[in-house]
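Here is how the chains run, residue by residue.
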Amino acid sequence: MDHEWCNNVQRIIEKIDACIASKNDESLTLCILAQEFGYSQSHFSRKFKEISGMQFRDYLRYRKLAFALKQLRDTPAPILEIALDYGFSSHEAFTRAFKEAYGMTPSEYRRDPVPVALRTIIKPFDCYLLENGGADMEKTAGEIKTYFVTIPAHKFLHIRNYESIGYWDFWQKQSQIPGQDCETICGLLDSIPGKLDDLGGNEANSGSGQNMAFLNDPAGRICSWGIPLAECYGVRLPFDYDGEVPPQMLLMDIPEGDYIVFEHGPFDYETENGAVEEKIEKAMKDFDYSATGYRLDTTPGRIFYFYHDCKRFWKYIRPVRK
């Protein structure tokens, strides 16, 4: 996949979501987008399908449905109004498309908003899945901030793997398990309301509120690293969350606890990802706990979270105890 196209498709998918959010259908035609980014319609269409696995018009329909579903879930707006807002010509056209995508009508979903696998935003620069982040790194600005926090009790809805080593390997192994591939799991988590890490609580973009975690396994099972640790992927939810749990996921109570945070600010993941990773791992390795009155907590059931969002931060949140 060529570098120029990856850069442009990142801008294209961001523009698609921005236009859907602003109800700007006039700018969402294949012709206009191809012209704006300097491609012929046929070249644009072919390359877009390589990235998304579907035709541009189908991806656009599914993204509009993802936005519309969250409006059904989170607002009392009439169904016809939602349909028209997202470019469907009638209540009937919206209902047909919605049922084809999610196996239920908009009215049925509004009455019982169960988790469904949304068509999530394309991530052409997911450097972990592509194994190419930071290959040509030179330097990274910014230092690692270190601080202690107390995180209130919450729930963690997730999948876990005892054999994987790292994000890329995690999803490679999960893809071999029916219903636990990256697209399905991310789509299901995207439809869950009330995520604690969701940007603003109503983001339509996939990945908002989702993160990796590592669990000191309560049962003491040994992962492939030879320690009682499991890799997880999921979302943090309020402690009183009582929504439906997808059958392939686990819902775990996480009690209030103390944590240490190692955080790096925004960075360019094309050129700086590897350098930031080295810097933050060194900071965690070299940190002197003896001067703080804390130590890392490896008690079964404790969890630490990993946030990787180049536009905001790279952050590890590790459990500690006095």
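No experiment lies behind these values; they were computed from the predicted model shown.

Criteria and thresholds
- All residue numbers refer to positions counted from 1 along the written sequence of the respective chain.
- Local features in this predicted model are restricted to residues of pLDDT 70 or higher, and side-chain atom pairs are both shown and tallied only at a pLDDT of 80 or more, whereas totals for entire chains, interfaces and linings draw on every residue.
- Think of the side-chain values as coming from all heavy atoms in the structure, minus any hydrogens and water.
- A run of H or I in DSSP becomes a helix once it reaches four residues, and a run of E becomes a strand once it reaches two; helices and strands are each numbered from the N terminus.
- Throughout, exposure labels follow a simple rule: accessible area from a 1.4 Å probe, protein chains only, divided by the maximum for the residue type, with under 20% read as buried, over 50% as exposed, and the rest as partly exposed.
- A contact between two residues is defined here by any heavy atoms of the two lying within 4.5 Å.
- In these tables, accessible area is a Shrake-Rupley quantity obtained with a 1.4 Å probe, and a residue counts as shielded only by the protein chains included in the view.
- Two rings from Phe, Tyr or Trp (for Trp, the six-membered ring) form a pair when their centres are within 6.5 Å of each other. A pair whose planes differ by under 30 degrees is stacked, one over 60 is edge-to-face, and the rest are tilted.
- Consider the ring centre and the ring normal. A charge sits over the ring if Lys NZ or Arg CZ is within 6 Å of that centre and within 35 degrees of that normal.
- Take the buried residues of types Ala, Val, Leu, Ile, Met, Phe, Trp, Tyr and Cys, join any two whose side-chain atoms come within 4.5 Å, and each joined set is a nonpolar core.
- When DSSP finds at least two bridges between two strands, those strands are taken to pair.
- Between Lys or Arg on one side and Asp or Glu on the other, a salt bridge is scored when a side-chain nitrogen of the former is within 4 Å of a carboxyl oxygen of the latter.
- What pLDDT expresses is the predictor's confidence in each residue, scored from 0 to 100.

### Some remarks on the overall build of the protein chain
Next up, step 1: A tally of helices and strands in the protein chain yields 11 helices and nine strands.
Next up, step 2: A burial count over the protein chain gives 50% of its 322 residues as buried.
Next up, step 3: For the protein chain, restricting intrachain contacts to residue pairs at least 6 apart in sequence, the fraction spanning at least 24 positions comes to 73%.
Next up, step 4: Carbon and sulfur atoms make up 51% of the accessible area of the protein chain, which totals about 15300 Å².

### Quick look at the packing of aromatic side chains
Next up, step 1: Scanning the model with the defined rule gives 24 aromatic pairs in all.
Next up, step 2: Considering the side-chain rings of Phe-306 and Trp-314, the 5.7 Å spacing of their centres and the 55° angle between planes classify their relative orientation as tilted. Grouping residues by exposure puts Phe-306 and Trp-314 together as buried.
Next up, step 3: Three or more aromatic residues link up through ring pairs in this structure, and these residues are Phe-88, Phe-94, Phe-98, Tyr-102 and Tyr-109.
Next up, step 4: Looking at Arg-302, its charged tip hangs above the ring of Tyr-259, at a distance of 4.9 Å from the centre.
Next up, step 5: Lys-315 extends its terminal NZ or CZ atom over the ring of Phe-313, reaching a point 4.0 Å from the ring centre.

### Examining the environment of Ile-32
Next up, step 1: Residue placement: Ile-32 occurs in helix H2 (residues 30–36).
Next up, step 2: In this structure Ile-32 comes out as partly exposed when scored by relative accessible area, which is 33%.

### Describing unusual backbone geometry
Next up, step 1: Although it is not a glycine, Lys-23 adopts a positive phi angle of roughly 60°.
Next up, step 2: Within the fold, Lys-23 resides in the loop between helix H1 (3–21) and H2.

### A look at the nonpolar core
Next up, step 1: Ranked by internal contacts, the top residues of the largest apolar core, which has 40 residues, are Ile-16, Phe-44, Leu-65, Phe-94, Phe-98 and Tyr-102.
Next up, step 2: Taken together, the elements giving at least two residues each to this core come down to H1, H2, helix H3 (41–52), helix H4 (56–74), helix H5 (79–85) and helix H6 (91–102).
Next up, step 3: Contact partners of Phe-94, with chain neighbours within four places excluded, come to Leu-65, Ala-68, Leu-72, Ile-79, Ile-82, Ala-83, Phe-88 and Pro-106.
Next up, step 4: Counting 34 residues, the second-largest nonpolar core is a separate cluster that includes Trp-171, Ile-185, Leu-229 and Ile-280.

### Side note on the pairing of strand E3 (residues 210–216)
Next up, step 1: For E3, the tally of buried residues reaches seven of seven residues, placing the bulk of the element in the interior.
Next up, step 2: By the alternation rule, side chains of E3 split into Gln-210, Met-212, Phe-214 and Asn-216 and Asn-211, Ala-213 and Leu-215, which are all buried.
Next up, step 3: As paired strands, E3 and strand E4 (residues 229–238) are joined by seven bridges and run antiparallel to one another. Counterpart to Asn-216 in the pairing with E4 is Leu-229.
Next up, step 4: Judged from the four bridges that link them, E3 and strand E8 (residues 303–309) form a sheet pairing that is antiparallel. Within the sheet, the bridge partner assigned to Phe-214 lies in E8 and is Phe-304.

### Quick word on the pattern of salt bridges
Next up, step 1: Summed over the entire model, instances satisfying the criterion amount to 13 salt bridges.
Next up, step 2: A salt bridge links Asp-17 to Arg-63; the nearest nitrogen and oxygen atoms lie 2.6 Å apart. Of the two residues, Asp-17 is situated in helix H1 and Arg-63 in helix H4; the sequence distance between them amounts to 46 residues.
Next up, step 3: Residue classification places Arg-63 among the buried residues on the basis of a relative accessible area of 0%.
Next up, step 4: Because the salt bridges share partners, they merge into one network encompassing Asp-297, Arg-302 and Arg-321.

### A closer look at helix H10 (residues 182–190)
Next up, step 1: Every buried residue of H10 is accounted for by Ile-185, Cys-186, Gly-187, Leu-188, Leu-189 and Asp-190.
Next up, step 2: The inward-facing, buried residues of H10 abut H4, strand E2 (154–161), helix H9 (167–174), E3 and E4.

### Observations concerning the confidence of the model for the protein chain
Next up, step 1: With 85% of its residues at a pLDDT of 70 or more, the protein chain has an overall mean of 84.
Next up, step 2: When mean pLDDT is compared element by element in the protein chain, E2 scores highest at 96, while helix H8 (residues 127–130) scores lowest at 40.
Next up, step 3: Ignoring residues within four places in sequence, the model shows residues 124–138, a span with pLDDT below 50, making 45 contacts including any to other chains.
Next up, step 4: Confidence drops under a pLDDT of 50 for residues 200–206, and excluding neighbours within four residues, the segment shows 19 contacts in the predicted structure.

### Quick word on the environment of Phe-37
Next up, step 1: Turning to its location among the elements, Phe-37 is positioned in the loop between H2 and H3.
Next up, step 2: Assessed through its relative accessible area of 10%, Phe-37 is described here as buried.
Next up, step 3: Taking the C-alpha atoms as reference points, Phe-37 and Asn-8, separated by 29 residues in sequence, lie 7.1 Å from one another.
Next up, step 4: Residue contacts for Phe-37: discarding those within four places in its chain leaves Asn-8, Arg-11, Ile-12 and Lys-15.

### Concerning the side chain of Lys-64
Next up, step 1: For Lys-64, the position within the fold is in helix H4.
Next up, step 2: Judged by its relative accessible area of 11%, Lys-64 is buried.
Next up, step 3: Setting aside anything within four residues of it in sequence, one finds Lys-64 in contact with Ile-20, Asp-25, Leu-28, Tyr-86, Gly-87 and Phe-88.

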